Each structure stands twice: as structure tokens, then as C-alpha cells.
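Reading the structure
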Amino acid sequence: MAFATLAGCQQQQGGAPVASTTQYSSSDFDAIISRLNTNSVKWDGRTAVFGTDDVIPLWVADGDFAVANPIQQALLQRAQHPIYGYTRHPHELRQLLVNWQSQRHGWAIEPDWLVTMPGVVPTLYAAVKALTNEGDAVIVQPPVYTPFFSAVTDNNRRLLLNPLKNNDGHYEMDFEHLEQCAKQGAKLLLLCSPHNPIGRVWTRDELLKLIDISNRYDMTIISDEIHADLVYAPHQHIPLLSLDDLSDKLVTIFAPSKTFNMPGLGMAFMVASDPGLRAQLVSEFKTLHIESNNPFTLTAVQAAYAQGADWVDALLPYLAETQQQVIEFIHQHLPQIKVQSSEGTFLMWLDFSSLGLDDKKLHTFLVEQAKVGLSAGISYGKGGEEFMRLNIAAPRAMVLQALDQIKRAVNKLVL
Ligand SMILES: Cc1ncc(COP(=O)(O)O)c(C=O)c1O
């Protein structure tokens, strides 16, 4: 795919010099930066996933945007010091995280509640081990981010599925069914908030209903809030643990990965206000010896939370506009695909069922005919059949080019 041919796109090389300004505009996100030969999973991993590198990759939830200038500068400065030894957590970090949650989500957390982890998925795995025994049931709500399933099954726990209800494209939780699952003795629910892949931002009312059920059946809820900072107005993310006056069995996990586009650096924060629950989780984490982080991650995370807010503030309207243009394009040129706007995340959930292709044929069609690499809906479990997840965290021209290729392929499709 020769992106150099895309009209109107500013070209920039991967190792471009760092600009001195910290003011961002949409042209920062329009810049097409080659990620080839960086061992990028999204780009260099295409052949392994799609059998060819001739696809526009809009799959794994990793963005194609340069990180905020202060993050680049902090990393360059750290790299210039030639010793990369064991590194303690900067003293300022906890307060930066407390400030971030207070400013972005109006959520007051105590510094002591925070536990640093190398990623969200390791935290989910460790939490399943800490809070349940082999054979216990754990509830997940498909279609949902794939590791939610494996965190349960890889640990020899039992999956209890509480599928989301799809009301003509608007997804809701099925509380009646959830109560049935809770009655079966599930001790743990893994919540995705905002929800990947369907893009819902759960309302206060929905979270209160969830907490009510968890209280009545003595169930802990672990809320994966990795997408929390990428929410479109008027929707508002409510950290689950901000409702901790209602339950002492709530845990929120958040991370800088999606917010600042640095998922490769790996870091996450588990927050539990109840000392007993926190101790239970921490003692499991200790058995895995996963508390430490590398000097580059710590440097980048500190710069991000201290100086990355204006970048996030510029990214959000860019993503909102891309989402709007995707919806308009689909309505005008691809009426066969059903789409709703996502309330949060940079992920969009496309319903291809009217093409009448099964999941295997849909995958082959998109790869071979449209030359576009999306994430198969079926990989998110029940309810994902004949859907595809589109990652719009890429220069808008690239996303629209992918849609144009899908349009041309659909127009040629002989059913
Ligand atoms: C909901 C959700 N949780 C967790 C992750 C990955 O987290 P980490 O890379 O910190 O393990 C992702 C990445 O796409 C995600 O969408």
C-alpha cells in the first residue's frame, strides 16, 4: 500500500525531529508516518495475521499518531543517558495520576489506592487468580475484548457469558440474565468500560444496576477502563470505583496506553479503595513479581500525565470528526453496512451481515478484494458474528481510503 500517493497528506519519516511546539492541530494527526520496519504488530505483523502485507491495517487497537511532543522529548533525553538500569517509580507519579483522574473524571482517589502494573491484561489475569479458585465461574459480557475470555479459561476458571443485547445497533446490558448468572455463584465480573468493541460508555444508571446485582450476590467487579479518556461529548465516563460508597468490591484499572498512544510501553494502574481487597490483589501480584517497569516507560508515563493533556484534547475532536466522516461515507456509499457512532474508544463496530458472507468469507473478502485489515467481530465472542471492528486511530485519509476500497469491492461483489 503506497500511502505516499494519498492526496493532501503531510509526509513524515518515522524518526522525524521533535517539534518544539506543544500546540496541536488536526494536521498533526493527518501526518502519515511510516511504521514499517519498526516491528509494529499492526504494520509489520500484517502477513502473519492477514496472509499478506497488502492491506491497510485498521485492526489492533494501536494508533498511527506521533505521541505528544513532551513525551518524545523526555524519552530522547532519557535515552541520551547511556545507562538503562533498574528504575524506581518517580515520586511525582502518584500525584500526577491523582490529579489526572480528578481533572478528567472528577474522581478523587487516594495515592495509596494505586498499584502499578505492567499492563491491563496482566492485571486482569492476576485479578482472576487472586479473587477466584479453579473451577469458579467468572462473568464476561460478549462481544468483548478477547483476553477477557482467556484471562478466565487460561486460569482454569469457568466462563459465564452474559451477552450484551443488540437493540438495532444500540447495545445494552441484559440485567435479568446477569442476575441469573450471579445466582449460579459467580464471584467475579469483568467489566469493559468503555466497552471494546461496541463503543458504549456505560451510564451511571447502568453502573448502579450492576453494583446492585453484585452487592446482592457478593460479587466483585473488575472494571477495565483503558479507553476511559477517549469519550465523546455528551457521553461521560464514570469510573466504577468512583461509586465505592455503594460497594467495597469494586476495582478500576486504567492506563496511559490508549489515551497517549503508547501501548507498546506497557503500564497500567489498578485502583482499589478497600484495603482488604487491595491487599488480596497485591499479594497475588507479588507472587508474579511484576511490579517493576523499565526506565523508558516510567519516563514517558510521567511526561504524558504531566504534559500530555493538550495533545489528548486535540486528539478527541480529530477522532470525533473521523468517526462522523466514516458514518457519512457508510450511509452514502455503503448502505449494506450498519454502523452506529461509538460513544467512546477509537473503535467502530460494523455490521456486515447483509452481505450474506459467513465469517471466513467476510475475512477473505475484506483482505483479498478490499485489501483492508480489520479485526474479525467473531474474535470478540458471541454476538460478533459477521461484524468487523474498525480502528479509526489513524490519519483520516487512510481510514477513508480503506472505506473507499471496501465500497469498490462491495460494488463488485456477486452474491
Ligand atoms: C479493553 C482493553 N483492555 C486492555 C487492552 C490491552 O491492555 P494492555 O496492553 O495494557 O495489556 C486493550 C487493548 O486493546 C483493550 O482494548
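Thresholds, definitions, all that
Residues numbered from 1 in each chain as written. Predicted model: local features only at pLDDT ≥ 70, side-chain atom pairs only at ≥ 80, totals over all residues. Heavy atoms only, no water. Near = heavy atom within 4 Å. Polar contact = N/O pair within 3.5 Å; in protein donor to acceptor, adjacent residues only side chain to side chain. Helix = DSSP H or I, 4+ residues; strand = E, 2+ residues; numbered from the N terminus. Nonpolar A, V, L, I, M, F, W, Y, C, P; charged D, E, K, R; others polar. Domains from an automatic or database assignment. Contact = heavy atoms within 4.5 Å. Buried area = accessible area lost by both parts, 1.4 Å probe. Buried < 20%, exposed > 50% of the residue type's maximum accessible area, 1.4 Å probe, protein only. Pairing = 2+ DSSP bridges. Expected span 1.5 Å × (residues − 1). Core = buried A, V, L, I, M, F, W, Y, C linked by side-chain atoms within 4.5 Å.

Looking now at the site of the ligand. Inspection of the region around the ligand gives A61, G119, V120, V121, P122, Y145, C192, N196, D224, I226, H227 and K258 as its neighbouring residues. Between the ligand and V121 there is a distance of 2.9 Å, counted from an oxygen atom to a backbone nitrogen or oxygen. Within the contact set of the ligand, a nitrogen atom lies 2.5 Å away from a side-chain nitrogen or oxygen of D224. The biggest single contributor to the shell around the ligand is helix α6 (residues 120-131), with three residues. Residues belonging to the shell around the ligand are distributed by class as follows: seven nonpolar, three polar and two charged.

The domain architecture assigned to the chain consists of domain 1 (3-64 + 309-412) and domain 2 (92-307). For domain 1 and domain 2, the distance between their C-alpha centres works out to 26 Å. Taken together, the 30 residues of domain 1 in the interface contact 35 residues of domain 2. Taken together, both faces of the contact between domain 1 and domain 2 bury some 2700 Å²; the carbon and sulfur share is 58%.

Within strand β16 (residues 387-391), five of the five residues are buried, which leaves it mostly tucked inside the rest of the structure. Here strand β13 (residues 347-351) runs beside β16; their pairing, made up of five bridges, is antiparallel. Residue D351 lies in a different strand from β16, and its bridge partner there is F387. Direction of pairing for strand β15 (residues 375-376) relative to β16: antiparallel, over a ladder of two bridges. For A376, the partnering residue across the bridge sits in β16 and is M388.

Before going further, it helps to examine helix α14 (residues 396-412). Here α14 spans 25 Å end to end across 17 residues, near enough to the 24 Å set by a 1.5 Å rise per residue. Along α14, the residues that are buried comprise R396, M398, V399, A402, L403, Q405, I406, K407, A409 and V410.

Right, let's talk about the nonpolar core for a bit. One finds F352 and I406 to be the most contacted residues of the largest nonpolar core, which totals 103 residues. In terms of residue count, the dominant contributor to this core is helix α12 (residues 309-333) (11 residues). Split by domain, the residues of this core number at least three in each of domain 1 (3-64 + 309-412) and domain 2 (92-307). For F352, the contacting residues outside a window of four places in its chain are I337, L362, L366, L374, E386, M388 and I406. A151, I222, A272 and I290 belong to the second largest nonpolar core, which has 31 residues in total.

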